[in-house]
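Structure assessment
The lines below spell out each chain.
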Protein chains: 2
Amino acid sequence: MRKVVSSGQPTIKEIAKRLNISVSTVSRALHDHHSIGLRTKARVQQLAAELGYERNQTAIFFQQGKTFTIGILLPELSEAFFSSAISGIEDTAYSNNYTVLLGQSHDDEAREKQIIQSMKQHRVDGCIVSIGKNTRNYEHFEMLRQAKIPVVFFDRIPDLPNIHSVSCNLESGTVQAVDFLLKKGHRVIGMINGPEQLVASKERAAGYMRALHKHRLKYDPELIVSADLTAAGTAEAMKQLLSLKRKVTAVVTFNDYVAMDAVQYALKQKLEINKDITFVSYANTPVSSYTAYPPAASVEQFPYEQGQAATNMLLSILNGDHDFNDYQQLIMESQLVLHT
Amino acid sequence: MRKVVSSGQPTIKEIAKRLNISVSTVSRALHDHHSIGLRTKARVQQLAAELGYERNQTAIFFQQGKTFTIGILLPELSEAFFSSAISGIEDTAYSNNYTVLLGQSHDDEAREKQIIQSMKQHRVDGCIVSIGKNTRNYEHFEMLRQAKIPVVFFDRIPDLPNIHSVSCNLESGTVQAVDFLLKKGHRVIGMINGPEQLVASKERAAGYMRALHKHRLKYDPELIVSADLTAAGTAEAMKQLLSLKRKVTAVVTFNDYVAMDAVQYALKQKLEINKDITFVSYANTPVSSYTAYPPAASVEQFPYEQGQAATNMLLSILNGDHDFNDYQQLIMESQLVLHT
DNA sequence: TTGTAAGCGTTATCAT
DNA sequence: ATGATAACGCTTACAA
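Residues numbered from 1 in each chain as written. Chains lettered and ligands numbered in written order. Predicted model: local features only at pLDDT ≥ 70, side-chain atom pairs only at ≥ 80, totals over all residues. Heavy atoms only, no water.

Bringing the sheet that holds strand β6 (residues 189-193) of chain A into the picture now. Residues and elements named next belong to chain A. Across the sheet, 6 strands lie side by side as β7-β6-β8-β9-β10-β12; this open sheet has mixed pairing. Edge positions in the sheet fall to β7 (224-226) and β12 (335-338), since each has one partner strand and no second. For this sheet, the mean inter-axis angle between neighbouring strands, taken without regard to orientation, is 20 degrees. Here strand β9 (residues 278-283) pairs with strand β10 (residues 297-300) via 4 bridges, running parallel. Each residue of the ladder has a partner; that of A283, found in β10, is E300. (Pairing = 2+ DSSP bridges. Helix = DSSP H or I, 4+ residues; strand = E, 2+ residues; numbered from the N terminus. Axes fitted to C-alpha atoms, helices over the stretch in contact; angles between N-to-C directions.)

Shown next, in the form of structure tokens:
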């Protein structure tokens, strides 16, 4: 038979042959097994070092039915929020001897499915997922469930029963944000919200309404518009808000990118930022502090910490600390940060 | 013996048993092998579909001695340059049926080594690497070479003989940048350069000098300062430049982050941007267009394309299109982009 | 303390 | 056109 593998890497078989002992002895010696004599252990370990032996992980993965790899699916790494989140994930994974398989959906549902399929084939032990903003159909995650591959959703979580998730509750932060604007005297506050199926959008809307209610103000549905998070969509949303009879003097935007786009639109309309109109946003990016007109305040969503938490949750599931069907929802609290 | 694997996933063995045929027949039927009868083929494929059979990649990886996985090591995903590069890498890898194992060094040499070690153990087929800015010792890459795992370096490439690399030559872009400033009438042009061991730093310096030489101007060594790319280091560098006898009216900064930090420092010194002092930078980030004082021009480095090119190079090595020892250096040309 | 052998899922060689 | 079987590297139950 033709030898397919020719990496030339030494194996335990090789070591066993040279030392005239059995492979199992070598295996155990390499694992510091107590039943192995000190002399043999030493001989084995020395020869292994000499030969530059390195265990063949692919063999172990195969044999154990485990890959110590977790798949990460998220929309867009170029968004600061996600690149920060992935750092939290990666740091936690690596320090637990897991590696990280990456896939970006670019908010494309078809690609999302393809990536999940690929991760499933690669037999990742589990997945951490933030869904695309256009994803409506969840059958690919259903497939993972059937394959018994646990999934922890984070940040952009689907509105589905029985899932593990880590998210940041935006309602509290939004209440703080609207509170802040009301206290500064704003009475007509617009909101550029995201796609309605996102839980996060619902939370923002809820926070907005709760804050108004607290102040015994009436909620005007026209003041909340759903946008698609593109620059064009944001411009459209701003146009809508600015065309209302009541003059909007402040806007809560879906995230810092939307805020920046909204600022650009406002400037085109000759509005003076922080005078004619004030923006409050959600802190997806540290660079906003460098911009000409950063939002007056931002709701911090703790991406790094969410990444850590999601990974820890997944690891605890993989370690069997929890029943597979004991679905957990970890909700962190968002918090308003003033940009002085 | 205790059964370790209990994933319950159907195997070809299972299919063979149910159909009373041999595993090899099943394997071949699943691969559309020509020697298999149409009937058997159909029966096998149908049952496979029914059972939701999915090939066990870990077994194949093991058996083939190949993982169809490439390791990516880079300093920091939160830098827009790298997140853009990784998109180029990932897109190219996925469309060639490779997956991507991620590791961030955070510019820490020890961590870099640890990640390389881990990737080696995971038996990645090859690596794409951008080294940390403090990395002085390259023995971990030497280990990869010995393990016959090909590496393609990109962007931040080590100054080493016999490596595969993709990079963007900054000299040409830098010449254009300094030209641009000279034509605008600047005569005392500073440069905040990066750590001296980086090839990119050398190219910047060379471009700077070449442009001066072209205009028959004398090169003043005090005008180029090496910084460590932190905000503090940049402030220090600016301080040095501004304290010179000859008044610096323009500065070429190492990248957009350095530019933003330099702008902050200049503002603190009550300098008016684009009047008292003009900045030209290297285009690492799209957000710079949102900032209050974007650099007057930027040298574009084409991160996405570099990522694509690096991946294609690695894949061609893996496909055996090239001799392992036929080292290739692909150099793309940088280009100045004016920010009107 | 050490050895023997089965088994993980797949592919490929050699028979039939 | 199909089957039997070895081999990939490693772990582990069981035997000695």
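This part takes up the protein's contact with DNA strand D. As a matter of local geometry, DNA strand D sits amid 30 residues, with A:I12, A:H31, A:Y53, B:T25 and B:G37 nearest to it. For DNA strand D, the backbone portion of the atoms within 4 Å of the protein, that is sugar and phosphate, comes to 63%. A distance of 3.4 Å separates a phosphate oxygen of DNA strand D from a polar atom in the side chain of A:R55. The set of elements that each furnish at least two residues to the surface near DNA strand D consists of α1 (12-19), α2 (23-30) and α4 (57-64) of chain A together with α2 (23-30) and α4 (57-64) of chain B. A total of 4 residues in the surface near DNA strand D trace back to one element, the largest contributor, which is α2(B). (Near = heavy atom within 4 Å. Polar contact = N/O pair within 3.5 Å; in protein donor to acceptor, adjacent residues only side chain to side chain.)

Turning next to the pairing of strand β4 (residues 151-154) of chain B. Put simply, side chains in a regular strand alternate between the two faces of the sheet. Residue and element names in this part refer to chain B. Every second residue of β4 is oriented toward a common face, with V151 and F153 on one face and V152 and F154 on the other, all of them buried. Bridge count between strand β3 (residues 126-129) and β4: 3 bridges; the pairing is parallel. Its bridge partner lying in β4, I128 is registered against V152. In this sheet, strand β5 (residues 164-169) lies alongside β4 in parallel orientation, the contact comprising 3 bridges. Each bridged residue has a counterpart across the sheet, and for F154 the counterpart in β5 is V166. (Buried < 20%, exposed > 50% of the residue type's maximum accessible area, 1.4 Å probe, protein only.)

Once that is clear, we can look at the protein's contact with DNA strand C. A:S24, A:T25, A:G37, B:S27 and B:Y53 are the nearest of the 26 residues found near DNA strand C. Taken together, the sugar and phosphate atoms account for 61% of what DNA strand C places within 4 Å of the protein. Side-chain polar atom of B:H31 to a phosphate oxygen of DNA strand C: 3.1 Å apart, as the coordinates give it. The side chain of B:Q63 places a nitrogen or oxygen atom 3.1 Å from a sugar or linking oxygen of DNA strand C. Of all the secondary-structure elements, those providing two or more residues to the surface near DNA strand C are α2 and α4 of chain A together with α1 (12-19), α2 and α4 of chain B. Along the lines of polarity and charge, the residues of the surface near DNA strand C split into 8 nonpolar, 13 polar and 5 charged. (Nonpolar A, V, L, I, M, F, W, Y, C, P; charged D, E, K, R; others polar.)

The next point concerns the relation of the copies chain A and chain B. Relating one copy of the chain to the other requires a rotation about an axis plus a shift along that axis. Aligned on chain B, chain A shows an RMSD of 0.2 Å; the corresponding rotation is 180 degrees and the shift along the axis is 0.0 Å. Such a combination of turn and shift is consistent with a two-fold rotation axis. A shared interface surface links the copies, since 100% of the contact residues of chain A are contact residues in chain B too. (Least-squares fit on C-alpha atoms with pLDDT ≥ 70 in both. Contact = heavy atoms within 4.5 Å.)

A:I70, A:F154, A:V166, B:F154 and B:V166 are the most contacted members of the largest nonpolar core, which totals 51 residues. Examining the composition of this core, we find that 7 residues originate from one element, helix α12 (residues 303-318) of chain A, more than from any other. Residues within four places of B:F154 in sequence aside, it is in contact with B:L74, B:F81, B:F82, B:A85, B:I89, B:I128, B:V129, B:S130, B:V166, B:Q306 and B:A310. (Core = buried A, V, L, I, M, F, W, Y, C linked by side-chain atoms within 4.5 Å.)

Much of the literature gives interface size as the accessible area that the parts lose upon coming together. Across the contact, 51 residues belong to chain A and 51 residues belong to chain B. Between chain A and chain B lies a buried interface of about 4700 Å² when both sides are counted; carbon and sulfur atoms form 54% of it. The tally of links between chain A and chain B comes to 6 salt bridges. Among the ionic pairs, B:K120 bridges to A:E54, the shortest N-O distance being 3.3 Å. There are 20 residue pairs in polar contact (both at pLDDT 80 or more) connecting chain A and chain B. Only α4, α5 (80-95), β2 (99-104), α6 (109-121) and α11 (256-268) of chain A provide two or more residues apiece to the side of chain A that touches chain B. Grouping the amino acids of the side of chain A that touches chain B by side-chain chemistry returns 20 nonpolar, 22 polar and 9 charged. (Buried area = accessible area lost by both parts, 1.4 Å probe. Salt bridge = Lys/Arg side-chain N within 4 Å of Asp/Glu carboxyl O.)

Our next topic: the packing of helix α5 (residues 80-95) of chain B against helix α12 (residues 303-318) of chain B. All names here are of chain B. Between α5 and α12, whose axes approach to 7 Å, the crossing angle comes to 40 degrees. When the axes of α5 and α12 are compared, the pair comes out oblique. Both α5 and α12 take part in a crossing whose hand is right-handed. Side by side, α5 and α12 meet where F81, S84, A85, S87, G88, I89, D91, T92 and A93 of the first sit next to P303, Y304, Q306, G307, Q308, T311, N312 and L315 of the second. The residue inventory of the contact of α5 with α12, partitioned by class, reads 7 nonpolar, 9 polar and 1 charged. (Parallel < 35°, antiparallel > 145°, perpendicular 65-115°, else oblique. Left-handed = near helix turned anticlockwise from the far one by under 90°.)

As a further point, take the pattern of salt bridges. If you walk through the whole model with that rule in mind, you get 27 salt bridges over all chains. Notably, a salt bridge pairs B:K113 with B:E109, separated by 3.5 Å at the nearest N-O pair. A residue pair is termed a helical-turn pair when its members lie 3 or 4 positions apart in one helix, as B:K113 and B:E109 do in helix α6 (residues 109-121) at 4 residues. One network of salt bridges, in which partners are shared, links A:E90, A:D91 and B:R111.

Before going further, it helps to spend a moment on the UniProt feature "domain: HTH lacI-type" (unreviewed entry) in chain A. Under the UniProt annotation, the feature "domain: HTH lacI-type" (unreviewed entry) is placed at residues 10-64 of chain A. Spanning residues 10-64 of chain A, this segment combines 69% helix with 0% strand, and its end C-alpha atoms are found 21 Å apart. (UniProt positions renumbered as here; feature names shortened; annotations may be inferred.)

Let us look at the side chain of A:Q104. Assignment of secondary structure puts A:Q104 in strand β2. Within the structure, A:Q104 has its side chain in polar contact with the side chain of B:S87 (distance 3.0 Å). If we skip the residues at most four places from it in the chain, A:Q104 touches A:L73, A:L74, A:P75, A:E76, A:L77, A:R111, A:I115, B:I86, B:S87 and B:E90.

All names here are of chain A. Unlike most non-glycine residues, K148 shows phi in positive territory, near 60 degrees. The residue K148 is located in the loop between α7 (139-146) and β4 (151-154) in this model. For N162, which is not glycine, the phi dihedral falls at a positive 55 degrees. Structurally, the position occupied by N162 is in the loop between β4 and β5 (164-169). A residue is classified by how much of its surface remains accessible, and N162, at 49% relative accessible area, is partly exposed.

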